[in-house]
Amino acid sequence: LWFELKRRNVLRMALAYAALCWLLLQVADLLLPTFGIPPWVMRALVLLAVLGFPLAMMFAWTYAWTDRGLQREIPAIAASIAVLPLVNMSSDKEQEYFSDGLSEELLNLLAQVPELHVAGRTSSFSFKDTQATIAQIGQALNVATVLEGSVRKSGAHVRITAQLIETRGGYHLWSQTYDRQLTDIFAVQDEIAAAVVAALKLKLLPSHQPSHAGHHLPGPDAYNHFLLGRQFLNRATEEGFRRAGEEYRKAIALEPTYAAALAGLALADAYAADYTQTDAQMLALRAQARATVDQAVTLDPTLGEAYTARAVLRFVFEHDWEGGASDFRQALHFNPGDVMSLWQYSRLLAAQGKLADALTQAQAATRLDSLSAQAWEIQARYQIALGDFAGARAALDRA
(Lines give C-alpha, C1' and ligand atoms only; values in the text may rest on other atoms or scores of the structure.)
Protein backbone atom coordinates (compact mmCIF):
# COMPACT_ATOMS: atom_id res chain seq x y z
CA LEU A 1 0.00 0.00 0.00
CA TRP A 2 2.82 2.41 0.91
CA PHE A 3 4.53 1.64 -2.40
CA GLU A 4 1.34 2.36 -4.38
CA LEU A 5 0.61 5.55 -2.42
CA LYS A 6 4.02 6.88 -3.42
CA ARG A 7 3.93 5.57 -6.98
CA ARG A 8 0.53 7.13 -7.71
CA ASN A 9 1.54 10.46 -6.15
CA VAL A 10 -1.25 10.24 -3.55
CA LEU A 11 1.09 11.59 -0.86
CA ARG A 12 2.07 14.53 -3.05
CA MET A 13 -1.58 15.22 -3.77
CA ALA A 14 -2.35 15.18 -0.02
CA LEU A 15 0.34 17.77 0.68
CA ALA A 16 -0.64 19.91 -2.31
CA TYR A 17 -4.33 19.74 -1.38
CA ALA A 18 -3.65 20.68 2.24
CA ALA A 19 -1.43 23.60 1.18
CA LEU A 20 -3.99 24.87 -1.35
CA CYS A 21 -6.88 24.63 1.10
CA TRP A 22 -4.87 26.41 3.79
CA LEU A 23 -4.04 29.22 1.36
CA LEU A 24 -7.64 29.59 0.17
CA LEU A 25 -8.99 29.58 3.73
CA GLN A 26 -6.46 32.23 4.76
CA VAL A 27 -7.56 34.42 1.89
CA ALA A 28 -11.22 33.78 2.72
CA ASP A 29 -10.63 34.63 6.38
CA LEU A 30 -9.23 38.02 5.32
CA LEU A 31 -11.74 38.89 2.60
CA LEU A 32 -15.09 37.56 3.82
CA PRO A 33 -15.46 40.05 6.75
CA THR A 34 -14.54 42.88 4.40
CA PHE A 35 -17.59 42.18 2.27
CA GLY A 36 -19.88 41.45 5.22
CA ILE A 37 -20.21 37.74 4.44
CA PRO A 38 -21.81 35.88 7.37
CA PRO A 39 -19.55 33.58 9.49
CA TRP A 40 -21.40 30.41 8.45
CA VAL A 41 -19.89 30.74 4.94
CA MET A 42 -16.41 30.33 6.41
CA ARG A 43 -17.54 27.25 8.32
CA ALA A 44 -19.04 25.86 5.10
CA LEU A 45 -15.76 26.40 3.24
CA VAL A 46 -13.84 24.53 5.97
CA LEU A 47 -16.36 21.69 5.79
CA LEU A 48 -16.09 21.53 1.99
CA ALA A 49 -12.29 21.43 2.25
CA VAL A 50 -12.50 18.49 4.69
CA LEU A 51 -15.07 16.63 2.60
CA GLY A 52 -13.07 17.24 -0.58
CA PHE A 53 -9.92 15.64 0.83
CA PRO A 54 -10.95 11.97 0.38
CA LEU A 55 -12.31 12.79 -3.10
CA ALA A 56 -8.97 14.33 -4.10
CA MET A 57 -7.15 11.26 -2.76
CA MET A 58 -9.45 8.93 -4.70
CA PHE A 59 -8.83 10.94 -7.86
CA ALA A 60 -5.04 10.78 -7.37
CA TRP A 61 -5.27 7.02 -6.74
CA THR A 62 -7.36 6.39 -9.85
CA TYR A 63 -5.92 8.76 -12.47
CA ALA A 64 -2.49 9.96 -13.59
CA TRP A 65 -1.19 12.54 -16.02
CA THR A 66 0.69 10.82 -18.88
CA ASP A 67 2.07 11.73 -22.31
CA ARG A 68 -1.42 10.96 -23.64
CA GLY A 69 -3.19 13.17 -21.09
CA LEU A 70 -5.23 12.05 -18.12
CA GLN A 71 -5.26 8.23 -17.96
CA ARG A 72 -6.73 5.72 -15.56
CA GLU A 73 -3.99 4.27 -13.35
CA ILE A 74 -2.86 0.66 -13.84
CA PRO A 75 -1.36 -0.60 -10.58
CA ALA A 76 2.27 -1.53 -10.95
CA ILE A 77 3.18 -4.80 -9.31
CA ALA A 78 5.53 -4.03 -6.42
CA ALA A 79 7.77 -7.08 -7.02
CA SER A 80 8.11 -6.54 -10.75
CA ILE A 81 11.00 -5.92 -13.11
CA ALA A 82 11.96 -5.44 -16.74
CA VAL A 83 15.41 -6.58 -17.83
CA LEU A 84 16.51 -4.18 -20.54
CA PRO A 85 19.08 -5.28 -23.17
CA LEU A 86 22.55 -4.67 -21.81
CA VAL A 87 24.44 -2.15 -23.92
CA ASN A 88 27.33 -3.59 -25.92
CA MET A 89 30.39 -1.51 -24.99
CA SER A 90 32.88 -3.81 -26.76
CA SER A 91 35.02 -2.37 -29.53
CA ASP A 92 33.69 -5.15 -31.77
CA LYS A 93 30.05 -4.36 -32.54
CA GLU A 94 29.61 -7.96 -33.68
CA GLN A 95 29.71 -8.87 -29.99
CA GLU A 96 26.15 -7.56 -29.57
CA TYR A 97 24.85 -11.13 -29.60
CA PHE A 98 26.80 -11.62 -26.38
CA SER A 99 25.30 -8.64 -24.55
CA ASP A 100 21.80 -9.53 -25.81
CA GLY A 101 22.37 -13.12 -24.75
CA LEU A 102 23.41 -12.16 -21.23
CA SER A 103 20.32 -9.95 -20.95
CA GLU A 104 18.08 -12.85 -21.94
CA GLU A 105 19.91 -15.17 -19.57
CA LEU A 106 19.30 -12.77 -16.67
CA LEU A 107 15.65 -12.40 -17.69
CA ASN A 108 15.18 -16.18 -17.78
CA LEU A 109 16.97 -16.57 -14.46
CA LEU A 110 14.72 -14.04 -12.71
CA ALA A 111 11.63 -15.51 -14.38
CA GLN A 112 12.23 -18.67 -12.34
CA VAL A 113 11.24 -16.78 -9.17
CA PRO A 114 7.49 -17.35 -8.56
CA GLU A 115 7.21 -14.22 -6.41
CA LEU A 116 8.62 -11.94 -9.12
CA HIS A 117 6.73 -10.50 -12.12
CA VAL A 118 9.28 -10.32 -14.97
CA ALA A 119 8.37 -8.54 -18.22
CA GLY A 120 8.78 -10.80 -21.24
CA ARG A 121 11.59 -10.61 -23.77
CA THR A 122 9.52 -9.12 -26.59
CA SER A 123 8.41 -6.26 -24.35
CA SER A 124 11.78 -5.57 -22.71
CA PHE A 125 13.76 -5.76 -25.95
CA SER A 126 11.32 -3.42 -27.73
CA PHE A 127 13.07 -0.56 -25.90
CA LYS A 128 16.48 -1.42 -27.32
CA ASP A 129 18.15 1.60 -28.97
CA THR A 130 15.26 3.91 -28.03
CA GLN A 131 15.23 7.18 -26.11
CA ALA A 132 12.44 6.08 -23.76
CA THR A 133 12.88 7.15 -20.15
CA ILE A 134 12.84 4.75 -17.22
CA ALA A 135 9.47 6.20 -16.17
CA GLN A 136 8.01 5.63 -19.63
CA ILE A 137 9.29 2.05 -19.69
CA GLY A 138 7.84 1.38 -16.25
CA GLN A 139 4.47 2.75 -17.31
CA ALA A 140 4.41 0.85 -20.61
CA LEU A 141 5.37 -2.48 -19.04
CA ASN A 142 3.60 -1.96 -15.70
CA VAL A 143 6.75 -2.71 -13.71
CA ALA A 144 8.12 -1.07 -10.58
CA THR A 145 11.82 -1.58 -11.36
CA VAL A 146 14.16 -1.84 -14.34
CA LEU A 147 17.49 -3.66 -14.56
CA GLU A 148 19.86 -2.03 -17.04
CA GLY A 149 23.60 -1.94 -17.66
CA SER A 150 26.37 -2.65 -20.11
CA VAL A 151 28.83 -5.34 -21.18
CA ARG A 152 32.39 -4.88 -22.38
CA LYS A 153 34.05 -8.05 -23.64
CA SER A 154 37.74 -8.21 -24.50
CA GLY A 155 39.27 -11.60 -25.16
CA ALA A 156 38.68 -13.80 -22.12
CA HIS A 157 37.82 -10.82 -19.91
CA VAL A 158 34.38 -9.29 -19.44
CA ARG A 159 33.18 -6.24 -17.51
CA ILE A 160 29.49 -6.08 -16.63
CA THR A 161 27.81 -3.10 -15.00
CA ALA A 162 24.28 -3.48 -13.72
CA GLN A 163 21.91 -1.18 -11.89
CA LEU A 164 18.40 -1.61 -10.53
CA ILE A 165 16.24 1.52 -10.84
CA GLU A 166 12.82 2.30 -9.40
CA THR A 167 10.68 3.41 -12.34
CA ARG A 168 8.43 5.97 -10.67
CA GLY A 169 11.04 8.21 -9.11
CA GLY A 170 14.20 7.05 -10.91
CA TYR A 171 15.91 6.09 -7.64
CA HIS A 172 18.86 3.68 -7.82
CA LEU A 173 18.14 0.71 -5.59
CA TRP A 174 21.37 -1.13 -6.34
CA SER A 175 24.34 -1.01 -8.72
CA GLN A 176 27.52 -3.00 -9.16
CA THR A 177 30.40 -3.49 -11.60
CA TYR A 178 31.90 -6.94 -12.19
CA ASP A 179 35.33 -7.54 -13.72
CA ARG A 180 35.61 -11.27 -14.40
CA GLN A 181 36.92 -13.92 -16.71
CA LEU A 182 34.49 -15.57 -19.12
CA THR A 183 34.84 -18.78 -17.14
CA ASP A 184 33.03 -16.99 -14.26
CA ILE A 185 30.12 -15.68 -16.36
CA PHE A 186 27.48 -17.91 -14.74
CA ALA A 187 28.60 -16.99 -11.25
CA VAL A 188 28.18 -13.30 -12.19
CA GLN A 189 24.66 -13.93 -13.49
CA ASP A 190 23.76 -15.69 -10.23
CA GLU A 191 25.23 -12.80 -8.21
CA ILE A 192 23.24 -10.21 -10.15
CA ALA A 193 20.00 -12.18 -9.81
CA ALA A 194 20.59 -12.65 -6.07
CA ALA A 195 21.33 -8.92 -5.66
CA VAL A 196 18.07 -8.02 -7.45
CA VAL A 197 16.10 -10.36 -5.19
CA ALA A 198 17.77 -8.85 -2.13
CA ALA A 199 17.17 -5.26 -3.29
CA LEU A 200 13.48 -6.03 -3.84
CA LYS A 201 13.39 -7.56 -0.33
CA LEU A 202 11.89 -10.82 -1.55
CA LYS A 203 11.92 -13.62 1.01
CA LEU A 204 12.49 -16.77 -1.02
CA LEU A 205 12.68 -20.41 -0.13
CA PRO A 206 16.09 -21.93 -0.95
CA SER A 207 14.51 -23.87 -3.83
CA HIS A 208 13.25 -20.61 -5.36
CA GLN A 209 16.59 -18.79 -5.40
CA PRO A 210 17.55 -17.97 -9.01
CA SER A 211 20.70 -19.92 -9.77
CA HIS A 212 22.47 -22.02 -12.39
CA ALA A 213 23.26 -24.58 -9.69
CA GLY A 214 22.47 -28.09 -10.84
CA HIS A 215 22.66 -27.24 -14.55
CA HIS A 216 25.49 -27.80 -17.00
CA LEU A 217 27.88 -24.83 -17.00
CA PRO A 218 29.61 -24.71 -20.40
CA GLY A 219 33.01 -23.29 -21.20
CA PRO A 220 33.33 -19.93 -23.00
CA ASP A 221 33.53 -21.36 -26.53
CA ALA A 222 30.46 -23.58 -26.20
CA TYR A 223 28.57 -20.78 -24.50
CA ASN A 224 29.37 -18.37 -27.35
CA HIS A 225 27.93 -20.82 -29.88
CA PHE A 226 24.87 -21.31 -27.66
CA LEU A 227 24.20 -17.56 -27.47
CA LEU A 228 24.60 -17.22 -31.24
CA GLY A 229 22.26 -20.17 -31.75
CA ARG A 230 19.56 -18.59 -29.64
CA GLN A 231 20.03 -15.23 -31.37
CA PHE A 232 19.40 -16.89 -34.76
CA LEU A 233 16.50 -18.98 -33.39
CA ASN A 234 14.76 -15.82 -32.16
CA ARG A 235 14.70 -14.50 -35.74
CA ALA A 236 12.16 -17.22 -36.63
CA THR A 237 13.14 -17.29 -40.32
CA GLU A 238 14.28 -20.10 -42.60
CA GLU A 239 17.89 -18.86 -42.50
CA GLY A 240 17.60 -18.21 -38.78
CA PHE A 241 16.56 -21.79 -38.04
CA ARG A 242 19.34 -23.16 -40.27
CA ARG A 243 22.07 -21.00 -38.74
CA ALA A 244 20.75 -21.67 -35.22
CA GLY A 245 21.12 -25.37 -35.88
CA GLU A 246 24.71 -24.85 -37.02
CA GLU A 247 25.67 -22.90 -33.89
CA TYR A 248 23.93 -25.30 -31.49
CA ARG A 249 25.71 -28.23 -33.14
CA LYS A 250 29.07 -26.51 -32.65
CA ALA A 251 28.27 -26.03 -28.94
CA ILE A 252 27.26 -29.69 -28.58
CA ALA A 253 30.34 -30.88 -30.46
CA LEU A 254 32.44 -29.12 -27.82
CA GLU A 255 30.28 -30.30 -24.90
CA PRO A 256 27.95 -33.22 -25.70
CA THR A 257 26.08 -33.02 -22.35
CA TYR A 258 25.04 -29.37 -22.84
CA ALA A 259 21.28 -29.86 -22.29
CA ALA A 260 20.25 -26.25 -23.02
CA ALA A 261 22.02 -26.39 -26.40
CA LEU A 262 20.33 -29.70 -27.17
CA ALA A 263 16.92 -28.20 -26.37
CA GLY A 264 17.63 -25.24 -28.65
CA LEU A 265 18.85 -27.53 -31.43
CA ALA A 266 15.66 -29.59 -31.19
CA LEU A 267 13.49 -26.51 -31.76
CA ALA A 268 15.73 -25.23 -34.58
CA ASP A 269 15.58 -28.57 -36.38
CA ALA A 270 11.84 -29.02 -35.84
CA TYR A 271 11.08 -25.64 -37.40
CA ALA A 272 13.74 -26.03 -40.12
CA ALA A 273 12.02 -29.26 -41.15
CA ASP A 274 9.21 -27.16 -42.66
CA TYR A 275 11.69 -25.89 -45.27
CA THR A 276 13.02 -29.27 -46.46
CA GLN A 277 12.42 -30.43 -50.03
CA THR A 278 10.58 -33.72 -49.44
CA ASP A 279 8.21 -35.24 -46.92
CA ALA A 280 10.81 -37.87 -46.10
CA GLN A 281 13.40 -35.21 -45.25
CA MET A 282 10.87 -33.33 -43.14
CA LEU A 283 9.86 -36.40 -41.13
CA ALA A 284 13.49 -37.48 -40.66
CA LEU A 285 14.52 -34.08 -39.31
CA ARG A 286 11.54 -33.96 -36.95
CA ALA A 287 12.36 -37.45 -35.66
CA GLN A 288 15.94 -36.30 -35.13
CA ALA A 289 14.67 -33.24 -33.24
CA ARG A 290 12.53 -35.45 -30.98
CA ALA A 291 15.51 -37.69 -30.15
CA THR A 292 17.59 -34.58 -29.40
CA VAL A 293 15.05 -33.06 -27.00
CA ASP A 294 14.54 -36.40 -25.23
CA GLN A 295 18.29 -36.43 -24.64
CA ALA A 296 18.13 -32.88 -23.22
CA VAL A 297 15.41 -33.83 -20.71
CA THR A 298 17.32 -36.97 -19.71
CA LEU A 299 20.54 -35.02 -19.15
CA ASP A 300 18.86 -32.26 -17.11
CA PRO A 301 15.44 -33.20 -15.67
CA THR A 302 15.14 -29.77 -13.96
CA LEU A 303 15.74 -27.62 -17.07
CA GLY A 304 12.51 -25.78 -17.85
CA GLU A 305 13.49 -24.90 -21.42
CA ALA A 306 14.06 -28.58 -22.23
CA TYR A 307 10.47 -29.39 -21.24
CA THR A 308 9.20 -26.38 -23.20
CA ALA A 309 11.01 -27.58 -26.32
CA ARG A 310 9.67 -31.12 -25.97
CA ALA A 311 6.16 -29.83 -25.26
CA VAL A 312 6.24 -27.81 -28.50
CA LEU A 313 7.43 -30.82 -30.48
CA ARG A 314 4.78 -33.08 -28.96
CA PHE A 315 1.95 -30.59 -29.38
CA VAL A 316 2.73 -28.79 -32.65
CA PHE A 317 4.35 -31.56 -34.67
CA GLU A 318 3.09 -34.83 -33.14
CA HIS A 319 -0.38 -33.83 -31.85
CA ASP A 320 0.42 -35.61 -28.60
CA TRP A 321 -1.94 -33.49 -26.47
CA GLU A 322 -1.46 -35.21 -23.12
CA GLY A 323 2.30 -35.54 -23.48
CA GLY A 324 2.59 -31.90 -24.47
CA ALA A 325 0.40 -30.76 -21.57
CA SER A 326 2.49 -32.76 -19.10
CA ASP A 327 5.68 -31.18 -20.41
CA PHE A 328 4.22 -27.66 -20.31
CA ARG A 329 3.25 -28.16 -16.67
CA GLN A 330 6.79 -29.28 -15.90
CA ALA A 331 8.26 -26.33 -17.81
CA LEU A 332 6.12 -23.85 -15.86
CA HIS A 333 6.98 -25.58 -12.59
CA PHE A 334 10.68 -24.91 -13.14
CA ASN A 335 10.22 -21.60 -14.95
CA PRO A 336 6.84 -20.06 -14.00
CA GLY A 337 7.49 -16.77 -15.79
CA ASP A 338 8.33 -18.20 -19.21
CA VAL A 339 6.07 -16.41 -21.70
CA MET A 340 6.63 -18.86 -24.55
CA SER A 341 5.48 -21.75 -22.37
CA LEU A 342 2.39 -19.82 -21.26
CA TRP A 343 1.07 -18.90 -24.69
CA GLN A 344 2.04 -22.21 -26.32
CA TYR A 345 0.31 -24.05 -23.47
CA SER A 346 -2.75 -21.88 -24.05
CA ARG A 347 -2.83 -23.04 -27.69
CA LEU A 348 -2.71 -26.67 -26.59
CA LEU A 349 -5.54 -26.15 -24.09
CA ALA A 350 -7.63 -24.46 -26.79
CA ALA A 351 -7.00 -27.38 -29.13
CA GLN A 352 -8.41 -29.63 -26.40
CA GLY A 353 -11.51 -27.44 -26.13
CA LYS A 354 -10.52 -26.07 -22.69
CA LEU A 355 -11.11 -22.46 -23.69
CA ALA A 356 -11.48 -20.96 -20.22
CA ASP A 357 -8.15 -22.53 -19.14
CA ALA A 358 -6.57 -21.43 -22.42
CA LEU A 359 -7.68 -17.84 -21.79
CA THR A 360 -6.21 -17.93 -18.27
CA GLN A 361 -2.79 -18.95 -19.64
CA ALA A 362 -3.00 -16.41 -22.48
CA GLN A 363 -3.84 -13.59 -20.08
CA ALA A 364 -0.86 -14.56 -17.93
CA ALA A 365 1.30 -14.26 -21.05
CA THR A 366 -0.02 -10.79 -21.96
CA ARG A 367 0.47 -9.58 -18.39
CA LEU A 368 4.13 -10.53 -18.61
CA ASP A 369 4.70 -9.59 -22.27
CA SER A 370 2.36 -6.65 -22.67
CA LEU A 371 4.03 -5.38 -25.87
CA SER A 372 3.84 -8.72 -27.73
CA ALA A 373 1.37 -8.46 -30.61
CA GLN A 374 1.34 -12.24 -30.93
CA ALA A 375 0.36 -12.76 -27.29
CA TRP A 376 -2.54 -10.29 -27.55
CA GLU A 377 -3.77 -11.84 -30.80
CA ILE A 378 -3.81 -15.30 -29.25
CA GLN A 379 -5.72 -14.00 -26.21
CA ALA A 380 -8.29 -12.39 -28.54
CA ARG A 381 -8.98 -15.72 -30.26
CA TYR A 382 -10.13 -17.30 -27.03
CA GLN A 383 -12.18 -14.26 -26.04
CA ILE A 384 -14.00 -14.44 -29.39
CA ALA A 385 -14.65 -18.16 -28.92
CA LEU A 386 -16.03 -17.49 -25.43
CA GLY A 387 -18.25 -14.64 -26.65
CA ASP A 388 -16.31 -11.81 -25.00
CA PHE A 389 -16.31 -9.60 -28.09
CA ALA A 390 -15.57 -6.36 -26.25
CA GLY A 391 -12.54 -7.92 -24.57
CA ALA A 392 -11.41 -9.42 -27.88
CA ARG A 393 -11.72 -6.03 -29.59
CA ALA A 394 -9.59 -4.42 -26.89
CA ALA A 395 -6.97 -7.19 -27.20
CA LEU A 396 -6.87 -6.86 -30.99
CA ASP A 397 -6.52 -3.09 -30.70
CA ARG A 398 -3.47 -3.73 -28.52
CA ALA A 399 -2.11 -6.25 -31.03
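Structure first, text after, so check above.
In this text, all values refer to a predicted model and were calculated from it rather than measured experimentally.

Undergrad: Looking at this model, I keep getting lost on the pattern of salt bridges. Mind explaining?
TA: If the charged atoms of two oppositely charged side chains come close together, the side chains can form a pair. Following the criterion strictly, the structure yields 21 salt bridges and no others. The shortest N-O distance in the salt bridge between Arg159 and Asp179 comes to 2.7 Å. You can see Arg159 sitting in strand 7 (residues 157-166) and its partner Asp179 sitting in strand 8 (residues 172-181), a full 20 residues away along the chain. Relative accessible area serves as the criterion here: at 39%, Arg159 is assigned to the partly exposed category. Owing to a relative accessible area of 39%, Asp179 belongs among the partly exposed residues under this scheme.

Undergrad: Is there a simple way to explain the side chain of Thr366 in this structure?
TA: For Thr366, the position within the fold is in helix 15 (residues 355-368). Aside from chain neighbours lying at most four places away, what touches Thr366 is Ala375, Trp376 and Gln379.

Undergrad: Explain the nonpolar core to me, please; I cannot follow it from the model alone.
TA: For soluble globular proteins, the rule of thumb is that nonpolar side chains tend to be buried together. Formed by 91 residues in total, the largest nonpolar core has its most connected members in Phe98, Leu116, Leu147 and Ile192. Among residues more than four places away in sequence, those in contact with Leu147 are Ile81, Ala82, Val83, Leu84, Leu106, Ala162, Gln163, Leu164, Trp174, Ile192 and Val196. One finds Leu84, Ile137, Leu141 and Val146 within the second-largest nonpolar core, a separate group that totals ten residues.

Undergrad: Is there a simple way to think about empty space enclosed by the protein in this case?
TA: Picture a little ball the size of a water molecule; that probe, rolled over the atoms, points out where space is still empty. All told, the structure shown has one cavity of 30 Å³ or more when counted by the stated rule. Here the largest cavity defines a volume of roughly 40 Å³. Looking at the largest cavity, the residues that line it are Tyr97, Asp100, Gly101, Glu104, Arg121, Phe125, Leu227, Arg230, Gln231 and Asn234. Looking at which element gives the most residues to the lining of the largest cavity, the answer is helix 4 (residues 96-110), with four residues. In terms of residue class, the lining of the largest cavity is built from three nonpolar, three polar and four charged.

Undergrad: Can you help me understand unusual backbone geometry in this one?
TA: Peptide bonds are trans in most cases, and residues, glycine excluded, mostly fall at negative phi. The phi torsion at Ala236 lies on the positive side, around 55°, for a residue other than glycine. Along the chain, the position of Ala236 falls in the loop between helix 8 (220-233) and helix 9 (238-254). For His319, which is not glycine, the phi dihedral falls at a positive 55°. Mapped onto the elements of the fold, His319 is located in the loop between helix 12 (304-317) and helix 13 (321-334).

Undergrad: Sorry if this is basic, but what is going on with the side chain of Glu105 here?
TA: Tracing the chain through its elements places Glu105 in helix 4. Once you skip the residues sitting within four places of it in the chain, Glu105 turns out to touch Phe186, Gln189, His212, Tyr223, Phe226, Leu227 and Arg230.

Undergrad: Mind showing me how you'd approach the packing of helix 16 (residues 373-385) against helix 17 (residues 389-398) here?
TA: Relative orientation and spacing of two packed helices are given, respectively, by the angle between their axes and the distance between those axes. Where helix 16 meets helix 17, the axes come as close as 8 Å, and the angle between the chain directions of the two elements is 165°. The orientation of helix 16 relative to helix 17 falls into the category roughly antiparallel. The handedness of the crossing between helix 16 and helix 17 is left-handed. Contacts from Trp376, Glu377, Gln379, Ala380, Gln383 and Ile384 in helix 16 reach Phe389, Gly391, Ala392, Ala395, Leu396 and Arg398 in helix 17. Among the residues forming the contact of helix 16 with helix 17, the class breakdown is seven nonpolar, three polar and two charged.

Undergrad: Sorry, what's going on with helix 9 here?
TA: The α-helix advances 3.6 residues per turn, and as a result positions three or four apart in sequence lie on the same side. For helix 9, spanning 17 residues, the distance from its first C-alpha to its last is 25 Å, which sits close to the expected 24 Å at 1.5 Å a residue. Within helix 9 the residues assigned to the buried category are Gly240, Phe241, Ala244, Gly245, Glu247, Tyr248, Ala251 and Ile252. Looking at the buried side of helix 9, the elements it contacts are helix 8 and helix 10 (259-272).

Undergrad: It is not clear to me how a nonpolar patch on the surface should be interpreted in this structure. Could you clarify?
TA: On the surface, Trp22, Leu23, Val27, Leu30, Leu31, Phe35 and Ile37 cluster together into a nonpolar patch covering about 750 Å² of accessible area. Along the chain, Ile37 falls in the loop between helix 2 (10-31) and helix 3 (39-62).

Undergrad: What is the right way to read the environment of Tyr248 from this model?
TA: Among the structural elements, Tyr248 can be located in helix 9. Along the backbone, Tyr248 and Leu106 are 142 residues apart, and their C-alpha atoms lie at a distance of 20 Å. Each residue touching Tyr248, except ones within four places of it in the same chain, is listed here: His225, Phe226, Gly229, Arg230, Leu233, Ala261, Gly264, Leu265 and Ala268.

So, how was this worked out
- Residues numbered from 1 in each chain as written.
- Predicted model: local features only at pLDDT ≥ 70, side-chain atom pairs only at ≥ 80, totals over all residues.
- Heavy atoms only, no water.
- Salt bridge = Lys/Arg side-chain N within 4 Å of Asp/Glu carboxyl O.
- Helix = DSSP H or I, 4+ residues; strand = E, 2+ residues; numbered from the N terminus.
- Buried < 20%, exposed > 50% of the residue type's maximum accessible area, 1.4 Å probe, protein only.
- Contact = heavy atoms within 4.5 Å.
- Core = buried A, V, L, I, M, F, W, Y, C linked by side-chain atoms within 4.5 Å.
- 1 Å grid on protein atoms, 1.4 Å probe; cavity = no way out; pocket = protein on both sides within 12 Å on 5 of 7 lines; lining within 4 Å.
- Points joined across faces, edges and corners; volume = space filled by probe spheres on them.
- Nonpolar A, V, L, I, M, F, W, Y, C, P; charged D, E, K, R; others polar.
- Axes fitted to C-alpha atoms, helices over the stretch in contact; angles between N-to-C directions.
- Parallel < 35°, antiparallel > 145°, perpendicular 65-115°, else oblique.
- Left-handed = near helix turned anticlockwise from the far one by under 90°.
- Expected span 1.5 Å × (residues − 1).
- Patch = residues over 30% accessible without salt bridge, like charges linked within 9 Å, V, L, I, M, F, W, Y side chains within 5 Å.
- Areas by Shrake-Rupley, 256 points an atom, 1.4 Å probe, with all protein chains shown as cover.

Nothing here speaks to function; it is all geometry.
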